[in-house]
Amino acid sequence: MKPKRILVVEDEPEIAAVLREYLEREGLLVESCDRVSDALDVLARQAPDLILLDVTLKDGSGLDVLRAAALPESRIPTIMLTARSAEADRVLGLELGADDYVTKPFSPREVVARVRSVLRRTTEARSDKARAHSASVLRVGNLEIDRDFHEVRVDGYATKLTATEFKILSLLAEHPGEVFTRSHLLDSLNDTGEIYERTLDRHINNLRKKIERDPREPEHVLTVYGVGYKMSRP
Ligand code: CA
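The structure presented is a predicted model; accordingly, all values stated were derived computationally and were not measured.

1. Here's the deal with the coordination of the calcium ion
At step 1: In the first shell of the calcium ion, the protein supplies Asp11 (OD), Asp54 (OD) and Thr56 (O), at 2.2 to 2.5 Å from the metal.
At step 2: The sequence pattern formed by the donor residues of the calcium ion is D-x42-D-x1-T.
At step 3: The exposure class of Asp54 is buried, given its relative accessible area of 2%.

Here it is in structure tokens:
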């Protein structure tokens, strides 16, 4: 597994050095800086796996770094390093999304244990999310139907489907090999009443143009003559 990158933002050189020593001993990669502006640069360049964040820095408040780290699209786990007296900072930091805090003076061993625990938690949360997401992706031959992102990929390339085409394809792909009569398809799709029997075939034709190698010889969405449609079995 790739070693985790820890960003230490701390303006007391002795503390930064001790943290670096203990974290590197654990096989973690450490980058450190002592200013808000440098920390923001690091975040913009390459997000670390975790930030150890001193709150009182020379050029401003570590909480500004936290605000950047806690943005939902990047969401970098953060442990604050705060003075025992700085309760207001801790409360605000936790509200802003910090995962944990350690008060100074601290034992470096304790910091390492907290780092381990936060990394474990976030890694588990991420793999749960990845598992849940992969369950929402249907794969049929060279097709991937991503129901979370409402996206279809053909040979790995995203292709744009209309909402109706997407519904038809998802429904058929959820039950490969099962024949759907036209009226069954219409019932299942027609929650808003905009699809009619005579337009269903047109939707299917348009869908085939987007997902089939040769729409005249479909491999995925097959016509069952006189009955309806079915998805080929992968
Ligand atoms: Ca400080």
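2. With respect to the side chain of Asn142
At step 1: Residue position: Asn142 is located in the loop between β8 (137-140) and β9 (143-146).
At step 2: At a separation of 2.8 Å, a polar atom in the side chain of Asn142 contacts the side chain of His220.
At step 3: Contacts of Asn142, omitting those with residues within four sequence positions, involve Arg153, Val154, Asp155, Arg213 and His220.

3. Some details on the sheet that holds strand β12 (residues 180-181)
At step 1: Spatially, the three strands line up as an open sheet ordered β12-β14-β13, and their pairing is antiparallel. Each having just a single partner strand, β12 and β13 (221-224) make up the two edges of the open sheet.
At step 2: Pairing of β12 with strand β14 (residues 228-231), which is carried by two bridges, proceeds in the antiparallel orientation. Bridge pairing in β14 places Thr181 opposite Gly228.

4. Details of the nonpolar core
Soluble globular proteins tend to bury their nonpolar side chains together.
At step 1: Within the largest apolar cluster, 24 residues are counted, with the highest numbers of intra-cluster contacts made by Leu169, Leu172, Leu185, Ile211, Val221 and Met231.
At step 2: Of the residues forming this core, the biggest block, six residues, is contributed by helix α6 (residues 163-174).
At step 3: The contact partners of Val221, leaving out residues within four places of it in the chain, are Leu169, Leu172, Ile204, Leu207, Arg208, Ile211, Glu212, Tyr229, Lys230 and Met231.

5. Remarks on the confidence of the model for the protein chain
At step 1: Averaged over all residues, the pLDDT of the protein chain is 89; the fraction at 70 or higher stands at 97%.
At step 2: Mean pLDDT across the elements of the protein chain bottoms out in helix α7 (residues 182-189) (83) and peaks in strand β1 (residues 5-9) (97).

6. Digging into the packing of α7 against helix α8 (residues 197-211)
At step 1: Two elements in contact, α7 and α8, have axes whose closest approach is 10 Å; the angle formed by their N-to-C orientations is 90°. The pairing of α7 with α8 is recorded here as roughly perpendicular in orientation. Packed against α7, whose contacting residues are Arg182, Leu185, Leu186 and Leu189, the element α8 presents Glu197, Leu200 and Asp201 at the interface.

7. Considerations on the pattern of salt bridges
At step 1: Under the definition given, this model contains 22 salt bridges.
At step 2: For Glu21, the salt bridge identified is with Arg25, shortest N-O distance 2.6 Å. In this pair, Glu21 and Arg25 both sit in helix α1 (residues 13-25), four residues apart, roughly one turn of the helix.
At step 3: Glu21 sits in the partly exposed class, given a relative accessible area of 43%.
At step 4: For Arg25, a relative accessible area of 55% gives the class exposed.
At step 5: Residues Glu31 and Arg45 are paired through a salt bridge, measuring 3.8 Å at the closest nitrogen-oxygen approach. Remark: Arg45 occurs in helix α2 (residues 36-45) and Glu31 occurs in strand β2 (residues 29-33); sequence separation between them is 14 residues.
At step 6: Looking at Glu31, the relative accessible area reads 26%, which means it is partly exposed.
At step 7: What makes Arg45 exposed here is its relative accessible area of 59%.
At step 8: Because the salt bridges share partners, they merge into one network encompassing Arg139, Glu144, Asp146, Glu151 and Arg153.

The rules behind these values
Residues numbered from 1 in each chain as written. Predicted model: local features only at pLDDT ≥ 70, side-chain atom pairs only at ≥ 80, totals over all residues. Heavy atoms only, no water. Donors = N, O, S within 2.8 Å, 3.2 Å for Na, K, Ca; no water. Buried < 20%, exposed > 50% of the residue type's maximum accessible area, 1.4 Å probe, protein only. Helix = DSSP H or I, 4+ residues; strand = E, 2+ residues; numbered from the N terminus. Polar contact = N/O pair within 3.5 Å; in protein donor to acceptor, adjacent residues only side chain to side chain. Contact = heavy atoms within 4.5 Å. Pairing = 2+ DSSP bridges. Core = buried A, V, L, I, M, F, W, Y, C linked by side-chain atoms within 4.5 Å. pLDDT = per-residue confidence, 0-100. Axes fitted to C-alpha atoms, helices over the stretch in contact; angles between N-to-C directions. Parallel < 35°, antiparallel > 145°, perpendicular 65-115°, else oblique. Salt bridge = Lys/Arg side-chain N within 4 Å of Asp/Glu carboxyl O.

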